[in-house]
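Chain and residue survey
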Amino acid sequence: MPSQSAPAFQLYTAEQRARRDATVWTLVQAVLAPLQFLAFVISCGLVLRYLATGEGYQIATVSIIIKTGFLYAIMVTGAIWEKVVFGQYLLAPAFFWEDVFSFLVIALHTAYLAALIGGLLGPVALMILALAAYAAYSINAAQFLLKLRMARLEAPA
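The structure presented is a predicted model; accordingly, all values stated were derived computationally and were not measured.

Further remarks concern the packing of helix α3 (residues 57-86) against helix α4 (residues 96-118). Closest axis-to-axis distance for the α3/α4 pair is 10 Å, and the angle between their directions is 145 degrees. Here α3 and α4 pass one another in a crossing that is left-handed. Packed against α3, whose contacting residues are Tyr57, Thr61, Ile64, Ile65, Lys67, Thr68, Leu71, Tyr72, Met75 and Glu82, the element α4 presents Asp99, Ser102, Phe103, Val105, Ile106, His109, Thr110, Tyr112, Leu113 and Leu116 at the interface. Each residue belonging to the contact of α3 with α4 can be placed in one class, and the counts come to 12 nonpolar, five polar and three charged.

Structure (structure tokens):
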């Protein structure tokens, strides 16, 4: 019977997995991630509704601000989680590319807020910027879901 070889890339060492499982920040991330996704789905619908009908600008704007608040919260708590698990705030090798792409996501969301507060863009342009931020968020969320799946597949039985 052939033996299974070790995976080419291991997401967590045994010590990192133990730290991940022991920290409250894992639970915080597990709560914030679906809340952020729910805010994203609702907000995306409101933004698309505004772009299609011209109605609901205020509620779409509020929803984008709420979604951005969740993004900031998950980024800060995720950095703390990464410090606890991997010993460094952000850019740990196991999550390097997810973190790099997160910077783009945050930059786009922050650009939206800056343009909104500064009156730099009109309503339609703001909504298009929000959709660009949401597209980047969707890619980043997929990156993290793939890592979550990888972590589950490599978890000891």
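Looking now at the environment of Asp99. Along the chain, the position of Asp99 falls in helix α4. Taking relative accessible area as the criterion, Asp99 reaches 3% and is therefore assigned buried. Through-space distance from the C-alpha of Asp99 to that of Met75 is 9.1 Å; in sequence the pair is 24 residues apart. Once residues within four sequence positions are removed from consideration, Asp99 is found in contact with Glu82, Leu90, Leu91, Ala92 and Phe144.

This part is about the side chain of Lys147. Tracing the backbone through its elements, the reader meets Lys147 in helix α5 (residues 123-154). Residue Lys147 is classed as buried on the basis of its relative accessible area of 12%. Those residues in contact with Lys147 that lie beyond four places of it in its chain are Leu11, Ala94, Phe95 and Glu98.

Here we come to the pattern of salt bridges. Enumeration according to the criterion identifies two salt bridges in this entry. With a closest N to O distance of 3.1 Å, Lys147 and Glu98 form a salt bridge. Taken together, the residues span a long stretch of sequence, with Lys147 in helix α5 and Glu98 in helix α4 at a distance of 49 residues.

For the structure shown, the criterion picks out 11 aromatic pairs. What links up through ring pairs into an aromatic cluster is the set Tyr12, Trp81, Phe86, Phe95 and Phe144. The ring of Tyr137 has Lys67 sitting right over it, with the charged end atom 3.9 Å from the ring centre. Here Lys147 stacks its cationic end above the ring of Phe95, 5.2 Å away from the centre of that ring.

Examined against the element boundaries, Arg20 turns out to sit in helix α1 (residues 14-22). For Arg20, a relative accessible area of 14% puts it in the buried group. Setting aside residues up to four positions removed in sequence, Arg20 forms contacts with Tyr12, Thr26, Trp81, Val85 and Ala151.

In this model, Leu90 sits at a positive phi of 65 degrees, which is unusual for a non-glycine residue. Inspection of the secondary structure assignment puts Leu90 in the loop between α3 and α4. Within the chain, Leu91 stands out as a residue other than glycine whose phi angle is a positive 60 degrees. On the secondary structure map, Leu91 appears in the loop between α3 and α4.

Cut-offs and rules
- Residues numbered from 1 in each chain as written.
- Predicted model: local features only at pLDDT ≥ 70, side-chain atom pairs only at ≥ 80, totals over all residues.
- Heavy atoms only, no water.
- Axes fitted to C-alpha atoms, helices over the stretch in contact; angles between N-to-C directions.
- Helix = DSSP H or I, 4+ residues; strand = E, 2+ residues; numbered from the N terminus.
- Left-handed = near helix turned anticlockwise from the far one by under 90°.
- Contact = heavy atoms within 4.5 Å.
- Nonpolar A, V, L, I, M, F, W, Y, C, P; charged D, E, K, R; others polar.
- Buried < 20%, exposed > 50% of the residue type's maximum accessible area, 1.4 Å probe, protein only.
- Salt bridge = Lys/Arg side-chain N within 4 Å of Asp/Glu carboxyl O.
- Phe/Tyr/Trp six-rings, centres within 6.5 Å; stacked < 30°, edge-to-face > 60°.
- Lys NZ or Arg CZ within 6 Å of the ring centre and 35° of its normal.

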